[in-house]
Amino acid sequence: MRTEMRGADLLVRSLEQAGCRNVFTLSGNHIMPLFDAALGSRLRLLHVRHEAAAVHMADAWGRLTGQCGIALVSGGAGHANAMGALATAVAADSPLVLLSGHAGLNELGRGAFQELRQVEMAAPVCKAAWVAETPARLGQDIARAIRTAVSGRPGPVHVSLPFDVLKARVPLHPAPLPEPEAFAAQPAPFAAAAADAALRHLAQARRPLILGGPRLCQRDGPALLRELATATGVPALGMESPRGLNDPSLGAFAEVLRRADLIVLVGKALDFTLRFGEAPHVAPQCRFIGIDADADRLARLQRDKANQVLFAASAEAGAAAISLRARCRAPVGNGGWAEEVASALAYRPPAWETLAATSPGALHPIELCRALARYVEGHAAAVLICDGGEIGQWPQAALAPQRRLINGVAGAIGAAIPFALAARLAEPKAPVFAVMGDGSCGFHMAEFDTAVRHDLPFVAVIGNDATWNAEHQIQLREYGPERTHACGLLPSRYDLVAAALGGHGERVTAAEALPGALERALAARKPACINVMIERVPAPSYKR
Ligand SMILES: Cc1ncc(C[n+]2csc(CCOP(=O)(O)OP(=O)(O)O)c2C)c(N)n1
């Protein structure tokens, strides 16, 4: 009878105990004991071509399912490669755990292979980060990491796993595996008295707004906000775009924001996306209520807006929305304000209806969106991913999918392809479309190989303008047409790259050809890339 197991075995069993099935990973010397331990377990290792892709996949998994995503990478440079993707996840309140191999404790300080101060590196982009030091406690480390990631304001957690800790023997008695509850989210409810106070203030205000943060833009979040708006009569909307007041999915929102007299922030920071709540974007006499599980954020609100904050209360955003909805007796009537906000959010310039390309051989981005509409809007479970600078804004403006993933407040481009792979895993049947720029697709194009190996079909629609256009547009606006440089790309055949990696690829240069290409891409049941040549136009603008 066995009396002991490896630390690596304990770790794998702990992930199983937590209910994890998918591990997004890229191999490396330090973590090979874990690869070995995963054999015969319930874990599925999805191995990728760059460590950042593993973290992006864990991020998308967390956002779409609410379960903690797990990324497993090697120590040293492998760990360092994952850092940029953590910056996206932490700003999106996305629950994930990054497990990284690490030089053995017995060699630290002696120039060990890939020895690096990994925890210090990860700490600024994580809720918590530490080195696992005791083999027998690896189960508790995993439980603490997952619990921390999914509790309160969700976010990434990092644990570095020294090679010798993974290889060390752990006695089976006393049982080292934590109980299932040890992995579960700790509730962060909204106190009834605080909910009632918020509802009283909302009823007294003339032009109130409820603004939800990233958590209320994912999963049941949009539905919760709609129900909250119906129950209270107060406009309630989610904000997760780095473009803030110019969020392309919020129409002429900026026009109504500046007239609000009370803003209730539910898991939403009063940051650059709301122009820090300053005039003229927000009226100087506007009042705020802050509801957040993040104590630092509440403290910042109270410090920055001392004279305007009615109160700040601690609660997880989803729990707060549910509690406000449940405790509201009747909707308030506010003289057409709700209708005014709804009409501003729905506003799209009438000229868009007939907008089309003006040059041959390329589409206007809105023509690309028109072709996608029947697929992403016609299917309740379809997932739309938007990435890239200017091109990524058009589908956000022109399409209304039930489920959508964007980069989030971090504003980093390049995650679309890994996001699409994770979306396919989370949603095995419905179509998954990822619209991105030609610049952004280059970050993780090699993940087409991952998608083919793991049989994760999706459709990438690349808006190819042979430019890092968002930055090119800044040069045009700020510095003039004679000073545009260093933002040009080639009109490359990304469709052929996808095909060479085992996927399906097509190039499209005219609007009439796109519907057929989309049909063939879906019918191919392979990872597909439609390389759409587009005009180099700026992001949508709502100036009336
Ligand atoms: C990780 C990261 N690097 C650089 C940037 C700066 N940036 C924002 S948009 C953009 C251009 C994106 O080009 P593309 O994906 O082709 O989309 P386009 O703007 O051309 O539509 C760049 C370089 C960023 N936001 N994130």
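(A) Seen up close, the overall build of the protein. A tally of regular secondary structure across the protein gives 21 helices and 19 strands. Scaling as 2.2 N^0.38, a compact globule of 544 residues should have a C-alpha radius of gyration of about 24 Å, and the protein matches this with 24 Å. Dimensions of the protein along its principal axes, counting C-alpha atoms only, are 75 × 60 × 45 Å. For the protein, the proportion of its 544 residues judged to be buried stands at 57%. In the protein, once contacts between residues fewer than 6 apart in sequence are set aside, the share between residues at least 24 apart is 78%. Of the roughly 21700 Å² of accessible surface on the protein, 53% is carried by carbon and sulfur atoms. Of the side chains in the protein, 54 bear a positive and 50 a negative charge, and the two mean positions are spaced by 3 Å.

(B) Quick peek at the environment of serine 160. Here serine 160 lies in strand E7 (residues 156-162). Considered as a pair, serine 160 and glycine 101 are 59 residues apart in the sequence and their alpha carbons are 5.9 Å apart. Dropping the residues within four chain positions of it, serine 160 is found in contact with Ser100, His102, Gln118, Val119, Trp130, Val131 and Ala132.

(C) Highlighting the pattern of salt bridges. Counting across every chain of the model gives 24 salt bridges. With a closest N to O distance of 2.1 Å, glutamate 340 and arginine 259 form a salt bridge. Residue glutamate 340 is found in helix H13 (residues 337-346), and its partner arginine 259 is found in the loop between helix H10 (253-257) and strand E11 (262-266); the two are separated by 81 residues along the sequence. Taking the shortest distance from any N to any O, the salt bridge between aspartate 495 and arginine 493 comes out at 2.8 Å. One network of salt bridges, with partners in common, ties together Arg6, Asp9 and Asp36.

(D) A look at helix H4 (residues 77-91). Maximal helix bending in H4 amounts to about 35 degrees, located at glycine 84. Among the residues of H4, those classed as buried are Gly78, His79, Ala82, Met83, Ala85, Leu86, Thr88, Ala89 and Ala91. Where H4 is buried, its residues touch helix H3 (51-65), strand E4 (69-73), strand E5 (96-102), helix H5 (118-122) and E7. Where H4 ends, the next residue or the one after it, aspartate 93, has phi of about 55 degrees, a positive value.

(E) Just the site of the ligand, in detail. Neighbouring the ligand are 18 residues, the closest being Ile391, Gly411, Gly439, Ser440 and Asn469. Note that an oxygen atom of the ligand is positioned 3.2 Å from one of the backbone N or O atoms of glycine 389. Relative to its unbound accessible surface of 580 Å², the ligand loses 76% to contact with the protein. Contributions of two or more residues to the shell around the ligand are made by helix H17 (438-441) and helix H19 (469-479). Its residues assigned to classes, the shell around the ligand shows six nonpolar, eight polar and four charged.

(F) Quick peek at the sheet that holds E11. Strand order across the open sheet formed by five strands is E10-E9-E11-E12-E13, with parallel pairing between neighbours. The two strands at the open ends of the sheet, each matched to only one other strand, are strand E10 (236-238) and strand E13 (309-314). In this sheet, neighbouring strand axes are inclined to one another by 15 degrees on average, regardless of whether the strands run parallel or antiparallel. Along the sheet, helix H8 (residues 192-204) makes contact with strand E9 (208-212), E11, strand E12 (287-292) and E13, crossing E13 at roughly 150 degrees. Helix H11 (residues 295-304) contacts E11, E12 and E13 of the sheet and is inclined by roughly 170 degrees relative to E13.

(G) Quick look at the confidence of the model for the protein. Averaged over every residue, the pLDDT of the protein is 97; the share at 70 or more is 100%. When pLDDT is averaged over each helix and strand of the protein, the minimum, 95, is found for strand E8 (residues 169-171) and the maximum, 99, for E4.

(H) Region of the structure containing the layout of surface pockets. The computed volume of the second largest pocket comes to approximately 860 Å³. Lining the second largest pocket are 28 residues, and of these Pro222, Arg226, Ser249, Pro401 and Arg404 sit closest to its centre. It is helix H9 (residues 221-232) that contributes the most residues to the lining of the second largest pocket, five residues altogether. Looking at the lining of the second largest pocket, its residues break down into 16 nonpolar, five polar and seven charged.

(I) Highlighting H19. Taken together, the buried positions of H19 are Asn469, Ala470, His472, Gln473 and Gln475. Positive phi shows up at glycine 480, right after H19, with a value of about 95 degrees.

(J) Layout of the side chain of aspartate 294. Here aspartate 294 is to be found in the loop between E12 and H11. Judged by relative accessible area, which is 18%, aspartate 294 ranks as buried. For aspartate 294, the side chain forms a polar contact with the side chain of arginine 153, separated by 2.6 Å.

(K) Inspection of the nonpolar core at higher detail. Core analysis: the biggest nonpolar cluster contains 56 residues, and Leu211, Phe253 and Leu518 have the highest contact counts within it. If we skip the residues at most four places from it in the chain, leucine 211 touches Leu237, Met239, Phe253, Leu257, Ile263, Val264, Leu265, Val266, Lys268 and Leu274. Counting residues in each nonpolar core, the second largest holds 51 residues, with Leu64, Cys126, Ala416 and Cys529 among its members.

(L) Here's a closer look at the sheet that holds E7. As summarised here, the arrangement of the six strands in space is E3-E2-E4-E5-E7-E6, forming an open sheet in which the pairing is parallel. If you trace the sheet from one side to the other, it starts and ends with strand E3 (44-47) and strand E6 (128-131), each paired once. Along the sheet, successive strands turn relative to each other by an average axial angle of 20 degrees, direction set aside.

(M) How the structure looks around the packing of H3 against helix H16 (residues 416-426). In contact at an axis separation of 8 Å, H3 and H16 are set at 45 degrees when each is read in the N-to-C sense. Viewed along their axes, H3 and H16 adopt a mutual orientation that is oblique. As H3 runs across H16, the sense of the crossing is right-handed. Judged by residue contacts, Ala53, His56, Met57, Asp59, Ala60, Trp61, Arg63, Leu64 and Thr65 of H3 engage Pro418, Phe419, Leu421, Ala422, Ala423, Leu425 and Ala426 from H16. Taken together, the residues of the contact of H3 with H16 break down into 12 nonpolar, two polar and two charged.

(N) Expanded view of the packing of aromatic side chains. Within this structure, the stated rule accounts for five aromatic pairs. With centroids separated by 6.3 Å and ring planes inclined at 80 degrees, the aromatic side chains of phenylalanine 443 and tryptophan 468 adopt a geometry described as edge-to-face. One end of the pair, phenylalanine 443, is in the loop between H17 and helix H18 (447-453); the other, tryptophan 468, is in the loop between strand E17 (459-464) and H19, and 25 residues separate them in sequence. Centroid distance phenylalanine 448 to phenylalanine 458: 5.3 Å. Interplanar angle 35 degrees. Geometry classified as tilted. You can see phenylalanine 448 sitting in helix H18 and its partner phenylalanine 458 sitting in the loop between H18 and E17, a full 10 residues away along the chain. Look at phenylalanine 448 and you get buried, because its relative accessible area is 0%. An aromatic cluster is present here, built from Trp352, Trp394 and Tyr542 joined pairwise through their rings. In this structure, arginine 144 packs its charged tip against the face of tryptophan 130, placed 3.5 Å from the ring centre.

Calculation rules
Residues numbered from 1 in each chain as written. Predicted model: local features only at pLDDT ≥ 70, side-chain atom pairs only at ≥ 80, totals over all residues. Heavy atoms only, no water. Helix = DSSP H or I, 4+ residues; strand = E, 2+ residues; numbered from the N terminus. Rg over C-alpha atoms; globule rule 2.2 N^0.38 Å. Buried < 20%, exposed > 50% of the residue type's maximum accessible area, 1.4 Å probe, protein only. Contact = heavy atoms within 4.5 Å. Areas by Shrake-Rupley, 256 points an atom, 1.4 Å probe, with all protein chains shown as cover. Lys, Arg positive; Asp, Glu negative; His and termini not counted. Charge placed at Lys NZ, Arg CZ, Asp CG, Glu CD. Salt bridge = Lys/Arg side-chain N within 4 Å of Asp/Glu carboxyl O. Bend = angle between axes of the 7 residues up to and from the residue. Near = heavy atom within 4 Å. Polar contact = N/O pair within 3.5 Å; in protein donor to acceptor, adjacent residues only side chain to side chain. Nonpolar A, V, L, I, M, F, W, Y, C, P; charged D, E, K, R; others polar. Pairing = 2+ DSSP bridges. Axes fitted to C-alpha atoms, helices over the stretch in contact; angles between N-to-C directions. pLDDT = per-residue confidence, 0-100. 1 Å grid on protein atoms, 1.4 Å probe; cavity = no way out; pocket = protein on both sides within 12 Å on 5 of 7 lines; lining within 4 Å. Points joined across faces, edges and corners; volume = space filled by probe spheres on them. Core = buried A, V, L, I, M, F, W, Y, C linked by side-chain atoms within 4.5 Å. Parallel < 35°, antiparallel > 145°, perpendicular 65-115°, else oblique. Left-handed = near helix turned anticlockwise from the far one by under 90°. Phe/Tyr/Trp six-rings, centres within 6.5 Å; stacked < 30°, edge-to-face > 60°. Lys NZ or Arg CZ within 6 Å of the ring centre and 35° of its normal.

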